[in-house]
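Examining the three-dimensional arrangement
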Amino acid sequence: MGDLTLWKRYTTYLCLCPKLGLSLDISRMGFPEAFPDHMEPSMQRAFTAMKELEAGAVANPDEQRMVGHYWLRNTALAPTGEIRDQIASALDQIKNFSQRIHSGTITSQNNEIFKNILIIGIGGSALGPQFVAEALGTSGDRMKPSFLDNTDPDGMDRVFAELGDDLGRTLAIVISKSGSTKETRNGMLETQAAYRRAGLEFARHAVAVTGAGSELDRLAAAEGWIARFPMWDWVGGRTSVTSAVGLLPAALQGLDITALLAGAAACDAVTRQTETRQNPAALMALMWHYATNGHGEKDMVMLPYKDRLLLFSRYLQQLIMESIGKEADLGGNIVTQGMTVYGNKGSTDQHAYVQQLREGVANFFVTFVEVLYDREKPSMQVEEGVTSGDFLFGFFQGTRQALYEKGRESMTITVERIDAFTVGVLIALFERAVGLYASLINVNAYHQPGVEAGKKAAGAVIALQKEIVGLLGKGQNAMTAGEIAASLGKPEAVEQVFAILRHLAANPDRGVAAVCEGNVGEWRFRAKQ
Ligand SMILES: O=P(O)(O)OC[C@H]1O[C@H](O)[C@H](O)[C@@H](O)[C@@H]1O
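Under an unreviewed UniProt entry, the name given to the protein chain is Glucose-6-phosphate isomerase, and the organism recorded is Oryzomonas sagensis. We quote the UniProt Subcellular location (unreviewed entry) comment for the protein chain here in full: "Cytoplasm". Per UniProt, the protein chain has the following entry under Function (unreviewed entry): "Catalyzes the reversible isomerization of glucose-6-phosphate to fructose-6-phosphate."

Rendered as structure tokens:
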């Protein structure tokens, strides 16, 4: 396609959303002109399904749940007065609490003003808050956030070391919708122990964000934590960033949560429109369908040209892959759906994997994010008349062009600047695109049945480990993994038994000694004397 034809395609399809300070360019996606019309009936069905969802339909049939994250930004939409009140009062509670922490009305056990927050959560209870903190944080923030989002002990030690003597001025926020996620529970227990070592009472430095009556909620109530904030079953973890999950850490950090909610609400209003060409979320869903044949045949590479958006693709990985990656469709047919998402930021990634994107396997399309406003301060010139920001822009344009020349497709989201409003817009834009796309391919975007299998299997591994330790504790002679598995009456579990023993033996404080000679099947394990 010649440059002028491309310009025509650009001007024809550019979706300008002045109310959002956003535009979406789909001209470098190679869909045929007839494609949008061909898909229009399906798009209209998707809009109808979304309308029903927003009105309180049980859009997550497996779990018999409503899907209400859009109400969080516009309470008037909520289907009952009770839900409206719950949302409004949680928001008041968040603002009020943050103000009292900042002003020192609520202080730490040692009567000091809290200056750090330690957020403990995983998945939807961490990725949103992390993305927002990274996208909007400045050196002038009211409180400095850190995160425990795993059960990796070394990872936790690093965070505790970083906090050092400041633990006494750190407010721990434990976030878990279910209140029973093991990684989060472990992070909380390790944090409790860290406070204890520092001679401090965890409860006087802790708040919880969780579902009413959950394990975490009951613990926080029993121990008298400083405060508890609600999560509701009609908000999914991966769409919870505009609930207390994302808003409480953001407000404490000192970010403008009113603007963030306003951005999300404005984007919801724009993407609620049923005219596909005017609706950037609908166009994105349409392009996902085109690019992947409605079946995840291509991956989406997220390339924001802005350091602040580094965690966007990580956040989107959960939002999209946990929502779309499903074995069965809503009719129960096996469809093995999905869409892979990865990426970091440009132009950094240009020096990593863009080589393959341009010349290697063509199994992807790119979503660029361009940010027009370069920086708060005036820019110096790095070459005559040229700034670092011009280079960032040039690299983005160059990569877009270079990919296009090789038949690699891309779309571009352009925003004016990265601020709380825009972050709210981006969050809502992708939430809506996921919902619409899920309708196009007829999957339930709001459950995650596949996640349970790994959790159950992990539970079985821990149970087996307890049996092994019990057996070794009876003072047995050194035994091979095969002998131990047989003694437990589980000869078929030998590989797992071996893996458990090797892990325990590698950690000197775990009380297992190993003689590692010959084939691994001959390695012998016993309890340390
Ligand atoms: O918030 P929680 O209940 O602790 O859940 C945290 C995460 O864990 C699960 O594995 C789900 O797959 C995620 O969707 C969820 O966000």
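On to the sheet that holds strand 13 (residues 512–515), then. Strands belonging to one sheet form pairs held by backbone hydrogen bonds; the direction of such a pair is parallel or antiparallel. A sheet is described by the order of its strands in space; here three strands give the open sequence 12-14-13, paired in antiparallel fashion. Two strands bound the open sheet, and with one partner strand each, they are strand 12 (479–480) and strand 13. As judged from the two bridges shared by strand 12 and strand 14 (residues 524–527), these two strands associate in the antiparallel manner. Residue Thr-480 lies in a different strand from strand 14, and its bridge partner there is Arg-524.

All right, on to the sheet that holds strand 11 (residues 410–415) then. Pairing is mixed across the open sheet formed by six strands, whose spatial order is 1-2-11-10-8-9. Of all the strands in the sheet, just strand 1 (15–17) and strand 9 (341–342) have a single pairing partner and so form its edges. Here strand 8 (residues 299–304) runs beside strand 9; their pairing, made up of two bridges, is parallel. Paired with Met-300 across the two strands is Val-341, which belongs to strand 9. The strands that helix 13 (residues 388–405) touches are strand 2 (22–25), strand 10 (364–371) and strand 11; relative to strand 10, the one it contacts most, it runs at about 155 degrees. Its contacts with the sheet place helix 14 (residues 420–441) against strand 2, strand 8 and strand 11, and it is angled at close to 145 degrees to strand 11.

All right, on to the pairing of strand 11 then. Most of strand 11 is tucked away: six of the six residues are buried. Side chains of strand 11 alternate between two faces, with Ser-410, Thr-412 and Thr-414 and Met-411, Ile-413 and Val-415 buried alike. Pairing geometry for strand 2 and strand 11, over four bridges, is antiparallel. Note that in strand 11 the partner of Leu-24 across the bridge is Ile-413. Here strand 10 pairs with strand 11 via six bridges, running parallel. The residue bridging Thr-367 from the neighbouring strand is Met-411, located in strand 11. For the crossover that starts at strand 10, traverses helix 13 and ends in the parallel strand 11, the hand is right-handed.

Moving on, we get to the packing of aromatic side chains. This model, assessed by the stated rule, comprises 23 aromatic pairs. With 5.6 Å between their ring centres and 55 degrees between their planes, Tyr-305 and Phe-396 make a pair best called tilted. Here Tyr-305 is found in the loop between strand 8 and helix 11 (312–324), whereas its partner Phe-396 is found in helix 13, with 91 residues between them in sequence. Across this residue pair, the class does not change: Tyr-305 and Phe-396 are buried. Through a chain of ring-to-ring contacts, the aromatic side chains of Phe-131, Trp-288, Phe-312, Tyr-315, Phe-430 and Tyr-437 assemble into a single cluster. The positively charged end of Arg-9 is found above the aromatic ring belonging to Phe-31, 4.4 Å away from the centroid. Here the basic side chain of Arg-28 rests over the ring of Tyr-404, its NZ or CZ set 5.6 Å away from the ring centre.

About the thresholds
- Residues numbered from 1 in each chain as written.
- Predicted model: local features only at pLDDT ≥ 70, side-chain atom pairs only at ≥ 80, totals over all residues.
- Heavy atoms only, no water.
- UniProt positions renumbered as here; feature names shortened; annotations may be inferred.
- Pairing = 2+ DSSP bridges.
- Helix = DSSP H or I, 4+ residues; strand = E, 2+ residues; numbered from the N terminus.
- Contact = heavy atoms within 4.5 Å.
- Axes fitted to C-alpha atoms, helices over the stretch in contact; angles between N-to-C directions.
- Buried < 20%, exposed > 50% of the residue type's maximum accessible area, 1.4 Å probe, protein only.
- Right-handed = clockwise from strand over helix to strand, strands pointing away.
- Phe/Tyr/Trp six-rings, centres within 6.5 Å; stacked < 30°, edge-to-face > 60°.
- Lys NZ or Arg CZ within 6 Å of the ring centre and 35° of its normal.

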